[in-house]
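Residue-level structure breakdown
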Amino acid sequence: MNITYKLTLNEYQEAATFHYKSGKRPLLVAVFLGMATFMMIVGTDFSNTREVISNILVTFFALSFYILFTRMITAYQAKKIYKKSPLLSNEVTLHISGKGINLNKQGNSKILPWDTFTKWKENEKYILLYTNNYQFNVIPKRAMDENQKEELKEFLNKYL
């Protein structure tokens with residue numbers, strides 16, 4: 001089975017966002033939210049209405065800033081990686097077989113055996129193949145027809 005595609009910057013950023021959303025970041029946000037709320041409750045004199053309101057506002061803006069900052073960093077990092085990489089913006093051909101994935105970028109062919117990959121994730125637009133917890137290859141589903149999608153999922157379920 002052969003899959004040929006070229007990733008755009010927007011697609012790579014969407015895939016990176018998907019990677020981070022399904023990782024540990026939501027858990028970290030929840031922990032940060034819990035800690036901020038606990039600190040606000042412990043440090044507030046509830047008989048002073050002004051202090052209660054100011055502490056609630058500080059907590060709200062601190063959490064909003066953290067969430068906004070992590071989203072901005074995700075988009076910035078993805079854009080930086082995409083622009084620095086000579087391979088991400090070029091056309092890629094994958095030949096997928098029982099031996100692994102033959103990755104052909106710019107005429108350079110490299111066989112990645114199945115044991116190179118640790119896990120895979122998918123959403124409605126992308127399949128991410130992980131080589132470790134932080135590095136992944138993006139395969140856009142738009143580059144495959146329904147039969148290829150099913151065949152790829154069979155390989156992934158069999159070997160990963």
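Scroll up for the structure.
Everything numeric in this text was worked out from a predicted model, so none of it was measured.

On to the packing of helix α1 (residues 9–21) against helix α3 (residues 49–84). The N-to-C vectors of α1 and α3 enclose an angle of 130 degrees; their axes lie 9 Å apart at closest approach. It follows from the interaxial angle that α1 and α3 lie oblique. In this structure, α1 meets α3 at a crossing whose hand is right-handed. Within the contact between the two elements, α1 uses L9, Y12, Q13, A16, T17, Y20 and K21 and α3 uses R71, T74, A75, Q77, A78, K79, I81, Y82 and K83. Residue classes in the contact of α1 with α3 are distributed as eight nonpolar, four polar and four charged.

What follows is about the pattern of salt bridges. One pass over the structure, following the stated rule, counts five salt bridges. A salt bridge links E11 to R142; its shortest N-O distance comes to 2.4 Å. With E11 in helix α1 and R142 in the loop between β7 (136–140) and α4 (146–159), this pair connects stretches of sequence that are 131 residues apart. A relative accessible area of 12% places E11 in the buried class. The exposure class assigned to R142 is partly exposed, which follows from its relative accessible area of 48%. Its salt-bridge partner being E146, residue K149 comes within 3.3 Å of it at the nearest N-O pair. You can see K149 and its partner E146 sitting in helix α4, three residues apart, about one turn around the helix. Among the charged side chains, a network of salt bridges with common partners joins E122, K141 and K153.

Another aspect to go through is the side chain of H19. Structurally, the position occupied by H19 is in helix α1. Engagement of the side chain of H19 in a polar contact is seen with the side chain of Y130, the distance being 2.7 Å. In contact with H19, not counting residues within four places along its chain, are K121, L128, Y130, N133, Y134 and F136.

Let us look at the nonpolar core. One finds I3, L94, I96, I139 and L152 to be the most contacted residues of the largest nonpolar core, which totals 32 residues. The element that contributes the greatest number of residues to this core is strand β6 (residues 126–130), accounting for five residues. L152 has contacts with M1, I3, I96, I127, I139 and M144, leaving out every residue within four places of it along the chain.

In this section: α4. Compared with the 20 Å implied by 1.5 Å per residue over 14 residues, the 20 Å span of α4 between its first and last C-alpha is a close match. Of the residues making up α4, those classed as buried are Q148, K149, L152, F155 and L156. Viewed end-on, α4 has its buried residues packed into an arc of 125 degrees, placing them on one side of the element. Opposite the buried face of α4, by more than 90 degrees, sit the exposed residues E146, N147, E154, N157 and K158. Capping of α4 at its N-terminal end is provided by D145; its side-chain oxygen lies 3.2 Å from the backbone amide nitrogen of N147.

Definitions and cut-offs
Residues numbered from 1 in each chain as written. Predicted model: local features only at pLDDT ≥ 70, side-chain atom pairs only at ≥ 80, totals over all residues. Heavy atoms only, no water. Axes fitted to C-alpha atoms, helices over the stretch in contact; angles between N-to-C directions. Helix = DSSP H or I, 4+ residues; strand = E, 2+ residues; numbered from the N terminus. Parallel < 35°, antiparallel > 145°, perpendicular 65-115°, else oblique. Left-handed = near helix turned anticlockwise from the far one by under 90°. Contact = heavy atoms within 4.5 Å. Nonpolar A, V, L, I, M, F, W, Y, C, P; charged D, E, K, R; others polar. Salt bridge = Lys/Arg side-chain N within 4 Å of Asp/Glu carboxyl O. Buried < 20%, exposed > 50% of the residue type's maximum accessible area, 1.4 Å probe, protein only. Polar contact = N/O pair within 3.5 Å; in protein donor to acceptor, adjacent residues only side chain to side chain. Core = buried A, V, L, I, M, F, W, Y, C linked by side-chain atoms within 4.5 Å. Expected span 1.5 Å × (residues − 1). Arc of directions from axis to C-beta.

From the geometry alone we can't say anything about function, so treat these as descriptive.
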